[in-house]
Amino acid sequence: MKTELSFSPLAQIETELLAVTAIDTQTAKGPDVKPEPVLLTSDEAVRAAAAAVLSTGEFKAAANETLLLHAPAGLKAKRLLIVGLGKKGKATVHAVRNAAGTAVRYTKPRAIRELAFALPENDSVGPLHAMCRAAAEGAIVGDFDPDTYRSERKDVSVHSFTVAAPPNADQAAVKAAFNAGVIIGDSQNFARSLVNEPGNKLTPTVFGQRAAKMAAEVGLKSEVYSTEKLHELKMGAFWSVSQGSEEPPALIVLKYEPEGVTEGPVLGLVGKGITFDTGGISIKPADNMEKMKYDMAGGAAMVGAMRAIALLKPRVRVIGIVCSAENMPDGKAQKPGDIQTAMSGKTIEIINTDAEGRLVLADGLTYARSLGATHLIDAATLTGACVVALGMINAGAFSNDDATIEKFQAGLATSGEKFWRMPLGDEYYDQIRSDIGDIKNTGGRWGGAITAAEFLHAFAEDTPWIHLDIAGLAWIEDKKPFIAKGPSGVAVRSILEWVRSYE
Ligand code: BES
Ligand code: MN
Ligand code: ZN
């Protein structure tokens, strides 16, 4: 999909479809109360074209609700699509992101190849540049479908998407925001394309190759290591997960070093990259096991974020690490009761081989610190318990440092993603003390997302650190008007905002 930016008056835009946004200004409630949808454009021709249908009350301007008009009088566009942003006061920049995605997903299956999306002209929604960035992101995210392996895949992609900004806008600022939005949307889709790959296609080795190829394209340094390096670094926790698979592990290291930046923080991004999680000897039930191909979504988020960082060039050093392995049961697989020695020297009693994510991340966090990371963030599809706690609406966020997670939380309004801070605490750590070694890899049924986070905390130690448990959000179970069912690319945008907050 080609993306463009236009500052032409809306009525002048020649396109197959022009999308405009609307909010509902009705504040009264009741069975006979009609919605009062208002278009967020000052363009008189567009307002006139939509006036009759809007006055009927048929269209409520609910978030992502759509209404199509053909041959709108007075416009050069062949169709006018009205997309709702919701009630006045509730319409945010994120609603604009979703509306742009909705417009693309409306257009795509109808084989309409080009559309223009008019940014709302309304200060109460948000600053124009922020809406422009969000619209570009939303459109690109909306264009993605996870059907790469369908032989009858039709070329239903939208060919051209134009963001239409008001002619009197600060063009330089809007243009910069638009360019950033394209980079971010493409980076999120890059992560989604990795997550979508099945376990037989995306092995740890292939994951490493894909990351290295991307790194070369955007100018990041990259190294991909395997078994030998894990032994050399004494990554006994990471290695223990890979030892039951024929597929060698991959330790992916991406470095972003902006010229002239030799002081200040070094941010360490660590992702869980389990390309398939059978559970190992503590094998998972067959139902839904196929979903465990997305157990590398945290790693993919880091790779996607590193792509965006390389292209947006913040003035801060960043190291991206993905610990990739396949968790399989075979004659060489680790067993419950085994003791493993992590890179940090801590001994781990394996209680359940299905709690493998924390094992690979333990060594990933230690390694990031050894490379000089002063601040850490990890992302992982770590626990089913996190999904029980927060559902598929919020992902979990944990931290040992208030200032660090506050920076992360401050970026959520921009990213539009939902993360809910969860607690840590010594009392939880007590659940994972081992009688045999230093620490156990599971802490029993209660507070499972938190004991998993406390396990990681034991390896992050005092380094300011954030842990993101994205198990409930990495895969979208039901399609939405603005995004396909399948890999979500969650966390790419929020990690990026956190990184940018250190500039
Ligand atoms: N990859 C899973 C967690 C998961 C569950 C991700 C559902 C996405 C959706 C993880 O490796 C796992 O198996 N966790 C166990 C931990 C338990 C053995 C302590 C779990 O959550 O059941
Ligand atoms: Mn597991
Ligand atoms: Zn897992």
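Before any of the text, the structure's been laid out above.
Residues numbered from 1 in each chain as written. Chains lettered and ligands numbered in written order. Predicted model: local features only at pLDDT ≥ 70, side-chain atom pairs only at ≥ 80, totals over all residues. Heavy atoms only, no water.

K.L.:
Please give an account of the overall build of the protein chain that cites residues and values.
P.N.:
Counting its secondary structure elements, the protein chain contains 15 helices and 20 strands. Referenced to the eigenvectors of the C-alpha coordinate spread, the extents of the protein chain come out at roughly 75 × 55 × 50 Å. Counting across all 503 residues of the protein chain, residues that qualify as buried make up 59%. Within the protein chain, residue pairs in contact and separated by at least 24 positions form 76% of the contacts whose partners lie at least 6 positions apart. For the protein chain, the accessible surface area stands at approximately 20100 Å², while carbon and sulfur atoms represent 51% of it. Here the protein chain holds 53 positive side-chain charges and 60 negative ones, and the gap between their average locations is 5 Å. (Helix = DSSP H or I, 4+ residues; strand = E, 2+ residues; numbered from the N terminus. Buried < 20%, exposed > 50% of the residue type's maximum accessible area, 1.4 Å probe, protein only. Contact = heavy atoms within 4.5 Å. Areas by Shrake-Rupley, 256 points an atom, 1.4 Å probe, with all protein chains shown as cover. Lys, Arg positive; Asp, Glu negative; His and termini not counted. Charge placed at Lys NZ, Arg CZ, Asp CG, Glu CD.)

K.L.:
Outline the pattern of salt bridges, supporting the account with residue identities and numerical values.
P.N.:
Tallying each qualifying case throughout the model produces 24 salt bridges. Among the salt bridges present, the one from E461 reaches R369, with a minimum N-O distance of 3.3 Å. Within this pair, whereas E461 is found in the loop between α14 (448-460) and β18 (465-469), its partner R369 is found in helix α9 (residues 357-370), the two being separated by 92 residues in sequence. Classification of R369 by relative accessible area gives partly exposed; the value is 28%. (Salt bridge = Lys/Arg side-chain N within 4 Å of Asp/Glu carboxyl O.)

K.L.:
Talk me through the packing of aromatic side chains; I want residue IDs and the actual numbers.
P.N.:
Enumeration according to the criterion identifies five aromatic pairs in this entry. Taking 5.1 Å as the distance between ring centres and 75° as the angle between the ring planes, the aromatic pair formed by W498 and Y502 counts as edge-to-face. The pair W498 / Y502 is uniform in exposure class, with both members buried. The ring of F459 has K346 lying over it, and the distance from NZ or CZ to the ring centre is 5.9 Å. (Phe/Tyr/Trp six-rings, centres within 6.5 Å; stacked < 30°, edge-to-face > 60°. Lys NZ or Arg CZ within 6 Å of the ring centre and 35° of its normal.)

K.L.:
Can you explain the site of ligand 1? Please cite residues and give values.
P.N.:
Taken together, 16 residues surround ligand 1, and among them K284, D295, D354, E356 and G384 come closest. In this structure, D354 approaches ligand 1 through a side-chain N or O atom, which is 2.8 Å from an oxygen atom. The separation between an oxygen atom of ligand 1 and a polar side-chain atom of E356 is 2.8 Å. Against a free-state accessible area of 510 Å², the protein chains account for coverage of 77% of ligand 1. Partitioned by chemical class, the residues of the shell around ligand 1 number four nonpolar, five polar and seven charged. (Near = heavy atom within 4 Å. Polar contact = N/O pair within 3.5 Å; in protein donor to acceptor, adjacent residues only side chain to side chain. Nonpolar A, V, L, I, M, F, W, Y, C, P; charged D, E, K, R; others polar.)

K.L.:
Give me the lowdown on the coordination of the zinc ion (ligand 3), citing residues and values where you can.
P.N.:
Bound to the zinc ion (ligand 3) on the protein side are K272 (NZ), D277 (OD), D295 (OD) and E356 (OE), at distances that span 2.0 to 2.4 Å. Around the zinc ion (ligand 3) sit six donor atoms, and with donor-metal-donor angles ranging over 77 to 174° the site reads as octahedral. When the donor residues of the zinc ion (ligand 3) are listed from N- to C-terminus, their spacing reads K-x4-D-x17-D-x60-E. Separating the zinc ion (ligand 3) from the manganese ion (ligand 2) is a gap of 3.1 Å, which D277 spans by donating to each of them. In this pair, D277 sits in strand β10 (residues 266-277) while D295 sits in the loop between β10 and α8 (297-312), placing the two residues 18 residues apart along the sequence. (Donors = N, O, S within 2.8 Å, 3.2 Å for Na, K, Ca; no water. Tetrahedral: all angles 85-135°; square planar, octahedral: opposite > 155°, others 65-115°.)

K.L.:
Describe the coordination of the manganese ion (ligand 2), listing the residues and the values that go with them.
P.N.:
Surrounding the manganese ion (ligand 2) are the protein donor atoms D277 (OD), D354 (O), D354 (OD) and E356 (OE), which sit 2.0 to 2.2 Å from the metal. Metal-centred angles of 70 to 167° between the six donor atoms at the manganese ion (ligand 2) mark the site as irregular. Each donor residue of the manganese ion (ligand 2) lies on the same chain, and together they follow the pattern D-x76-D-x1-E.

K.L.:
So what's going on with the nonpolar core? Which residues, and what values?
P.N.:
Membership of the largest hydrophobic core comes to 60 residues, with the highest contact counts inside it found for L269, F419, L468 and I495. Among the elements that line this core, the one with the most residues is α8, at ten residues. Apart from residues lying up to four places away in sequence, L269 is in contact with M302, A305, M306, I309, V318, I319, G320, I321, I377, I495, W498 and V499. Core analysis: the next-biggest nonpolar cluster, separate from the first, contains 40 residues, I321, A368, I432 and A452 among them. (Core = buried A, V, L, I, M, F, W, Y, C linked by side-chain atoms within 4.5 Å.)

K.L.:
Account for helix α5 (residues 204-218), with residues named and values stated.
P.N.:
Spanning 15 residues, α5 covers 21 Å between terminal C-alpha atoms, matching the ideal 21 Å at 1.5 Å per step. Among the residues of α5, those classed as buried are P204, F207, G208, A211, M214, A215 and V218. Along the axis of α5, the buried residues cluster in a sector spanning 130°; they form a single face. Turned more than 90 degrees away from the buried face of α5, the exposed residues are Q209, K213, A216 and E217. Turning to α5, the residues buried within the fold contact α4 (171-196), β8 (221-225), β9 (250-256), β10, α8 and β11 (317-327). Of the residues trailing α5, G219 is marked for its positive phi of about 85°. (Expected span 1.5 Å × (residues − 1). Arc of directions from axis to C-beta.)

K.L.:
Can you lay out the packing of α5 against α8 for me, pointing to particular residues and giving the numbers?
P.N.:
Relative to each other, α5 and α8 sit at 10°, their axes nearing to 10 Å. The orientation of α5 with respect to α8, classified from their angle, is roughly parallel. Taken together, the residues of α8 that come into contact with α5 (itself represented by F207, A211, M214 and V218) are G299, A300, V303, R307, A310 and L311. Looking at side-chain class alone, the contact of α5 with α8 contains eight nonpolar, one polar and one charged residues. (Axes fitted to C-alpha atoms, helices over the stretch in contact; angles between N-to-C directions. Parallel < 35°, antiparallel > 145°, perpendicular 65-115°, else oblique.)

K.L.:
Which residues make up the packing of α9 against α14, and what values do they have?
P.N.:
Their axes nearest at 8 Å, the elements α9 and α14 cross at an angle of 25°. Judged by the inter-axis angle, α9 sits roughly parallel to α14. The handedness of the crossing between α9 and α14 is right-handed. Counted together, R358, L359, L361, A362, L365, T366 and R369 of α9 and A452, F455, L456, F459 and A460 of α14 form the full contact between these two elements. Here the residues of the contact of α9 with α14 sort into nine nonpolar, one polar and two charged. (Left-handed = near helix turned anticlockwise from the far one by under 90°.)

K.L.:
Any chance you could break down the sheet that holds strand β12 (residues 339-341) for me, citing the residues and the numbers?
P.N.:
An order of β12-β13-β17 is seen for the three strands of this open sheet, with the pairing classed as mixed. A single partner strand is all that each edge strand has here, and the edge strands are β12 and β17 (439-440). Where β12 and strand β13 (residues 347-349) come together, three bridges link them in antiparallel fashion. In the sheet register, T341 faces β13, and the bridge partner there is T347. (Pairing = 2+ DSSP bridges.)

Keep in mind that these numbers describe shape and distance, not what the molecule does.
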